Amino acid sequence: MAYDFRAIEGRWQKAWAKKRAFEAKQGKGKKYYVLEMFPYPSGKLHMGHVRNYAIGDATARFKRMQGFNVLYPMGYDALGLPAENAAIKHKVSPKKWTWGRINEMKEQQERLGFSYDWERMLATCEPSYYKWNQWFFLQMLKNGLAYKAKAKSNWCPKCETVLANEQVVEGKCWRCESEVVEKEFEQWFFKITRYAEELLQGLEKLQEWPQRVRTMQKNWIGKSEGVNIKFKVEGSNEEIETFTTRHDTMYGMTFIVIAPEHERVMQWAKGTEREKPVKEFIEKVKRLSIIERTTVEKKEKRGIFLGKYAIHPFTGEKIPIYAADFVLLEFGTGIVQAVPAHDQRDFDFAKEHNLPIIVSVQPDEYELNAEKMSRSYEGFGTLVNSEEFNGLRSEQAMERIADRLEKEGKGKRTVNYRLRDWLISRQRFWGTPIPVIYCGKCGTVPVPEKDLPVKLPEKAPFTGEGNPLDKVKAFVEATCPKCKGKARRETDTMDTFVDSSWYFLRYCSPKEGKAMFGKKEAAYWMPVDQYIGGIEHAIMHLLYARFFTKALRDLGMTKFGEPFTRLLTQGMVLKEGKVMSKSLGNVVDPGAIIERFGADTARAFMLSVSLPTKELEWSDKGADSTFKFLNRFNEFVAKNKGGKGKISQKRLGSKDRLLLSKAHRTIETVTGQMQAFEFNFALAGIARLFSAVQKAEKPDRNVLGFTVRTLVQLLAPFAPHLCEELWAKLGEKGLVSLSKWPKADRKMIDRKAEQVEEFIETVKQDVESIKQLAKIQKPKRIVFFTAPEWKWKAISIAAKACSEKPDFGATVKALMQEAEIRKHGNEVQGFAKALVARVKELEEAERIDEFAALSEERKNLEKEFGCRIEIEKAEKSGHAKARNAFPLKPAIFVE
RNA sequence: GCAGGGAUACCCAAGCGGCCAAAGGGGCAGGGUUUAGGACCCUGUGGCUUAGUGCCUUCGGGGGUUCGAAUCCUCCUCCCUGCACCA
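In short, a report on the structure.

Rules of the game
- Residues numbered from 1 in each chain as written.
- Chains lettered and ligands numbered in written order.
- Predicted model: local features only at pLDDT ≥ 70, side-chain atom pairs only at ≥ 80, totals over all residues.
- Heavy atoms only, no water.
- Helix = DSSP H or I, 4+ residues; strand = E, 2+ residues; numbered from the N terminus.
- Rg over C-alpha atoms; globule rule 2.2 N^0.38 Å.
- Buried < 20%, exposed > 50% of the residue type's maximum accessible area, 1.4 Å probe, protein only.
- Contact = heavy atoms within 4.5 Å.
- Areas by Shrake-Rupley, 256 points an atom, 1.4 Å probe, with all protein chains shown as cover.
- Lys, Arg positive; Asp, Glu negative; His and termini not counted.
- Charge placed at Lys NZ, Arg CZ, Asp CG, Glu CD.
- Pairing = 2+ DSSP bridges.
- Axes fitted to C-alpha atoms, helices over the stretch in contact; angles between N-to-C directions.
- Salt bridge = Lys/Arg side-chain N within 4 Å of Asp/Glu carboxyl O.
- Phe/Tyr/Trp six-rings, centres within 6.5 Å; stacked < 30°, edge-to-face > 60°.
- Lys NZ or Arg CZ within 6 Å of the ring centre and 35° of its normal.
- Parallel < 35°, antiparallel > 145°, perpendicular 65-115°, else oblique.
- Nonpolar A, V, L, I, M, F, W, Y, C, P; charged D, E, K, R; others polar.
- Expected span 1.5 Å × (residues − 1).
- Arc of directions from axis to C-beta.
- Polar contact = N/O pair within 3.5 Å; in protein donor to acceptor, adjacent residues only side chain to side chain.

A few points about the overall build of chain A
Link 1 in the chain: Tallying secondary structure elements over chain A gives 29 helices and 33 strands in all.
Link 2 in the chain: Since a compact globule built from 895 residues should have a radius of gyration of about 29 Å, the 37 Å found for chain A marks it as more spread out than a globular shape.
Link 3 in the chain: Seen through its principal axes, chain A has C-alpha atoms that stretch 115 × 75 × 45 Å.
Link 4 in the chain: When burial is assessed residue by residue, chain A has 54% of its 895 residues classed as buried.
Link 5 in the chain: Pairs at least 24 residues apart make up 75% of the contacts formed inside chain A by residues separated by at least 6 positions.
Link 6 in the chain: Carbon and sulfur atoms form 50% of the exposed surface of chain A, whose accessible area is close to 41700 Å².
Link 7 in the chain: Charged side chains of chain A number 151 positive and 121 negative; the gap between the two group centres comes to 6 Å.

As for the sheet that holds strand β24 (residues 486-489)
Link 1 in the chain: Spatial strand order, β22-β21-β24-β23: 4 strands in an open sheet with antiparallel pairing. Two strands close off the open sheet at either side, each with one partner strand: β22 (443-446) and β23 (477-479). Between one strand axis and the next, the sheet turns by 45° as a mean value, whatever way the strands run.
Link 2 in the chain: Two elements, β23 and β24, share 3 bridges in a ladder whose sense is antiparallel. In the strand pairing of β24, Thr 479 is matched with Lys 486.

Thoughts on the pattern of salt bridges
Link 1 in the chain: Enumeration over the complete set of coordinates arrives at 39 salt bridges.
Link 2 in the chain: Linking Arg 404 and Glu 388 is a salt bridge whose minimum nitrogen-to-oxygen distance equals 2.6 Å. Placement of the pair is Arg 404 in helix α12 (residues 394-407) and Glu 388 in the loop between β17 (382-383) and α12, with a sequence separation of 16 residues.
Link 3 in the chain: We classify Arg 404 as buried; its relative accessible area is 17%.

What to know about the packing of aromatic side chains
Link 1 in the chain: For the structure on display, the rule yields 54 aromatic pairs.
Link 2 in the chain: Between Phe 243 and Phe 331, the ring centres sit 6.1 Å apart and the planes meet at 70°, which makes this aromatic pair edge-to-face. Of this pair, Phe 243 sits in strand β11 (residues 239-244) while Phe 331 sits in the loop between β14 (318-324) and β15 (335-338), placing them 88 residues apart in sequence.
Link 3 in the chain: Relative to Tyr 544, the ring of Phe 497 lies with its centre 5.6 Å away and its plane at 65°, an arrangement referred to as edge-to-face. With Phe 497 in the loop between β25 (493-494) and α14 (503-506) and Tyr 544 in helix α16 (residues 540-554), this residue pair connects regions lying 47 residues apart in the sequence.
Link 4 in the chain: A cation over a ring is seen here: Arg 404 above Phe 314, with NZ or CZ 3.8 Å from the ring centre.

Observations regarding the pairing of strand β13 (residues 303-311)
Link 1 in the chain: Where strand β10 (residues 223-233) meets β13, 2 bridges bridge the pair, whose relative direction is antiparallel. Looking at β13, one finds that Lys 232 is bridged to Ile 311.
Link 2 in the chain: Counting the residues in the hairpin turn of β13 and β14 gives 6 residues, including Gly 316, whose phi is positive at 75°.

A short note on the packing of helix α18 (residues 599-608) against helix α21 (residues 679-695)
Link 1 in the chain: With their axes 7 Å apart at the nearest point, α18 and α21 run at an angle of 110° to one another. Judged on the interaxial angle alone, α21 and α18 are roughly perpendicular. Contact residues: α18 offers Ala 604, Leu 607 and Ser 608, while α21 offers Phe 679, Asn 680 and Leu 683.
Link 2 in the chain: Considered class by class, the residues forming the contact of α18 with α21 number 4 nonpolar, 2 polar and no charged.

Here we look at the sheet that holds strand β26 (residues 528-534)
Link 1 in the chain: Strands sit in the order β2-β1-β26-β27 across an open sheet of 4 strands; the sheet is parallel. Either end of the sheet is taken by a strand with one partner, and the two such strands are β2 (69-71) and β27 (564-570). When strand polarity is set aside, the average angle formed by the axes of neighbouring strands in this sheet is 20°.
Link 2 in the chain: Note: strand β1 (residues 31-36) against β2, 3 bridges, orientation parallel. Looking across to β2, one finds that Tyr 33 is bridged to Leu 71.

Observations concerning the environment of Ser 877
Link 1 in the chain: Mapped onto the elements of the fold, Ser 877 is located in the loop between β32 (868-873) and β33 (891-894).
Link 2 in the chain: Judged by its relative accessible area of 17%, Ser 877 falls in the buried class.
Link 3 in the chain: Separated by 385 residues in sequence, Ser 877 and Asp 492 have C-alpha atoms that sit 96 Å apart.
Link 4 in the chain: When neighbours within four sequence positions are excluded, Ser 877 is seen to be in contact with Phe 785, Glu 872 and Ala 882.

A word on the packing of helix α1 (residues 5-18) against helix α23 (residues 720-729)
Link 1 in the chain: Put simply, α1 and α23 touch, their axes get as near as 9 Å, and they point 85° apart. By the angle class used here, α1 and α23 are roughly perpendicular. On α23, the residues touching Ile 8, Glu 9, Arg 11, Trp 12, Gln 13 and Trp 16 of α1 are Pro 720, His 721, Leu 722, Glu 724, Glu 725 and Ala 728.
Link 2 in the chain: Classifying every residue of the contact of α1 with α23 gives 6 nonpolar, 2 polar and 4 charged.

Notes on helix α25 (residues 789-801)
Link 1 in the chain: Here α25 contains 13 residues, and its C-alpha end-to-end distance of 19 Å stays within 8% of the 18 Å for a straight helix at 1.5 Å per residue.
Link 2 in the chain: What α25 keeps buried is the set Trp 790, Lys 791, Trp 792, Ala 794, Ile 795, Ile 797, Ala 798 and Ala 799.

Things to note about helix α4 (residues 94-111)
Link 1 in the chain: Given a rise of 1.5 Å per residue, 18 residues ought to cover 26 Å, and the 26 Å separating the end C-alpha atoms of α4 matches this to within 8%.
Link 2 in the chain: Of all the residues in α4, the buried ones are Pro 94, Trp 97, Thr 98, Arg 101, Ile 102, Met 105 and Gln 109. Projected down its long axis, α4 carries its buried residues within an arc of 130°, all on one side. Counted as exposed and oriented over 90 degrees from the buried face of α4: Lys 96 and Glu 107.
Link 3 in the chain: In the core, the buried residues of α4 are packed alongside α2 (47-65), β3 (75-76), α3 (81-90) and β4 (122-123).
Link 4 in the chain: Looking one or two places after α4, you find Gly 113, whose phi comes out positive at around 75°.

Considerations on the side chain of Arg 546
Link 1 in the chain: Mapped onto the elements, Arg 546 comes out in helix α16.
Link 2 in the chain: Given a relative accessible area of 0%, Arg 546 falls into the buried group.

A few points about the side chain of Arg 428
Link 1 in the chain: Tracing the backbone shows Arg 428 in the loop between β20 (425-426) and β21 (436-439).
Link 2 in the chain: In this structure the side chain of Arg 428 is engaged in a polar contact, spanning 2.5 Å, whose partner is the side chain of Glu 84.
Link 3 in the chain: Here the side chain of Arg 428 touches Cys 159 through a polar contact of 3.2 Å, landing on its backbone oxygen.

Considerations on the environment of Ile 319
Link 1 in the chain: Relative to the elements of secondary structure, Ile 319 occurs in strand β14.
Link 2 in the chain: The exposure class assigned to Ile 319 is buried, which follows from its relative accessible area of 3%.
Link 3 in the chain: Each C-alpha atom, one on Ile 319 and one on Gln 337, is 9.6 Å from the other, the two residues being 18 residues apart in sequence.
Link 4 in the chain: Beyond its immediate sequence surroundings of up to four residues, Ile 319 is in contact with Met 253, Thr 254, Phe 255, Ile 256, Lys 308, Tyr 309, Ala 310 and His 312.

As for unusual backbone geometry
Link 1 in the chain: The peptide bond linking Leu 452 to Pro 453 adopts the cis configuration, its omega dihedral lying at 0°.
Link 2 in the chain: You can see Pro 453 is positioned in the loop between β22 and α13 (473-476).
Link 3 in the chain: The step from Met 526 to Pro 527 runs through a cis peptide bond, and the omega angle for that step is -5°.
Link 4 in the chain: Positive phi is not limited to glycine here, since Asn 354 has a value of about 55°.
Link 5 in the chain: The phi dihedral of Lys 484 is positive, around 65°, even though this residue is not glycine.
Link 6 in the chain: By the element assignment, Lys 484 lies in the loop between β23 and β24.
Link 7 in the chain: For Lys 484, a relative accessible area of 59% gives the class exposed.

Okay, structure coming up:
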């Protein structure tokens, strides 16, 4: 009979709410902040969410039971494009739509019984939240960390907005996968590059982050150390500057390449006979989409000679200057010294344009020949053709060459980052208005802090064309805060990643009205001790949040530089090998499983199938077995409450000592596994202990009681509702959710009792295999012969003889010297062979009384095998099988 | 191309120097229990073995280190993930 999970879950959810069981209280003891990446309110929970929250909730509950003051909040990343699209489609306001979805989602989360402190819930679409985005923006503006610039931007034609670099994936919009085009706009930026170095250095300290995420961020920041080198342009006063990380190859340079978009390119060509072809070339490059230009397949290096020569700063030689499409304007100086012998791209280009190749670094293993090279050599080596630097190693040469460049004023050491400033302007409605006013007289004027928030209008025309904000007169028309004249309000809104870059701080004091967050509160709760979310945020969100945290620290708001101490990136939930996603239409609705088996089953099952960090191929096969387990657990606990009396280990029988030992050992391992997020192992361990207590025959009441209470507590983070119910049934006062996590008492762990059990297990298995081999289905009688004393004695002798290496000869010799053993001379040979093989294992094992152990187990064995069981000491038996007896492996006779 | 992660028995998935023919699920087979279905419990699930302590073969493929390798090194093949003409 299935347990009534509906009634139980409803009852305890109410009880938790009524008792405010999960309220986080400022300043009360040791804190622990568990946080899941807050969801975008799409309205429906998917399996990925369930997994995310099941991990987080198990952790929060575990930590709470361990005595931590836990902050475990939930909120909604509620601004963003889908709400606007819904507004266009369904003719509802984004606000109404969003709140509808939030409520749906919250309902489902409540249904699952997560232990959030709902009092702290926030939604980023509330003006009381985004007001602080605006306030923060103004502070950034004051500190030169926000600025407006005309820039080529990634424009998504479908979303009708620009995107940040991080939001363009393989030339496509991260959200809708439309191809991104380049457009030039005036845009607002956050100067994340000012923190490039610190963001990079900080990664070193984030030891409890997955290596993968740290590597991804490192690559994204893309630090490269090198030199900028100045070149005189022949026949003019002009200078150009290149950036290189391989200045050891300076003498191998045979041409210079410049990005086609570089302003110099047209300047040089203008008015010459080259103007037309150069212009055509630039046009051609521009027409290429970002994808075409950066694709791997494209091997061809398009370029054109510009009719100019640069002067090599050391040799004074003339070096032709080309424009080529493989050079990026944004990186370095947009001009590159080309060394075909030591760079593959330069090599390809040289071959296509018949440019010379000069070897300037020789590898150690073989010798390069410029004429015969079929590809470049990019490694380090020894310098050649490099005048005074000949013979130096690349590493040394770089130092010396940089020294000389700097001394002669021809260059300087430089660091370049791939990281670009964060473009935060979005030409969309459902975002935080950027608090800026444009005045014909005063220019760009920030909205005064007292006028915040700049609220989104309640009504706007959602036609699907352009930014609806532009068309709301009441919003656009503004008064200049400075001159009080007529002015125009900025209609761009902020990237929604701004919202998610500090929400974890807001949770510390969600109702704070006078500041972004309470300093005191943040100082207590932050940083987040455990952050849990998907790997897809490895760069964008996690990098932005780190940036915000550092900026806020420099604004004096906090004293820490990293927001998340420990990060767990959960594996994706797959279906048929693919990530579940709405666009693929392969989303599995968790609703069904909750309906059928309840929240406890859904959560416990989710955690039991795989390690949280691993990808998970979804299958609900086995959900019913989790359900069955909970049912059995429920039934058993209800009927076997046991006692609460003091347990004296000494007065217990061996079976009870064993059970007690198992309980304590389970506490120990499960505690460790909870800490390590090995929830599937923890659940398996709990199930094992449960199975042991189920099988125990007439256990001591108090041991039974202890074990059952322990089980209920250990299982509580996974199946909290059922465990509350059982905890109450056991007559415990208070909530199991707030009970004290059990502590293992090592003194109660009885190694010997465990060994006896192991011994019985192997004996049983041996009987099974004999039954099979002898084809005896129903034995009439089974006789065990326990090993004689001399065989036990032989162990230590053999151990000595084999101390260096297993040595059969020496063992036999040593054994024969012992009179007591010599008596059994005819048996020693065969016995010694087996002994040598396992002597180490036996030496470490504790001596147990096999005869007593088997005798005690006799009744059970008789029941199990359905026949008479006899136990004899081998030395007292004349049976032919008796001599097979081995320590811990009694001889067995079946008939 | 670079960086990171993988490849384990029928399937999923642990193990990451000896206690490993390899945890745990699932499936399958046998047995028990049950009025039956179901549910539950037990056992088996690489091969050989003249009844068990043994032997052989096996952890993507080849080579190596070691007394000993699924585990360490090396090369190769394939898969995933991220970045990608970044100078």
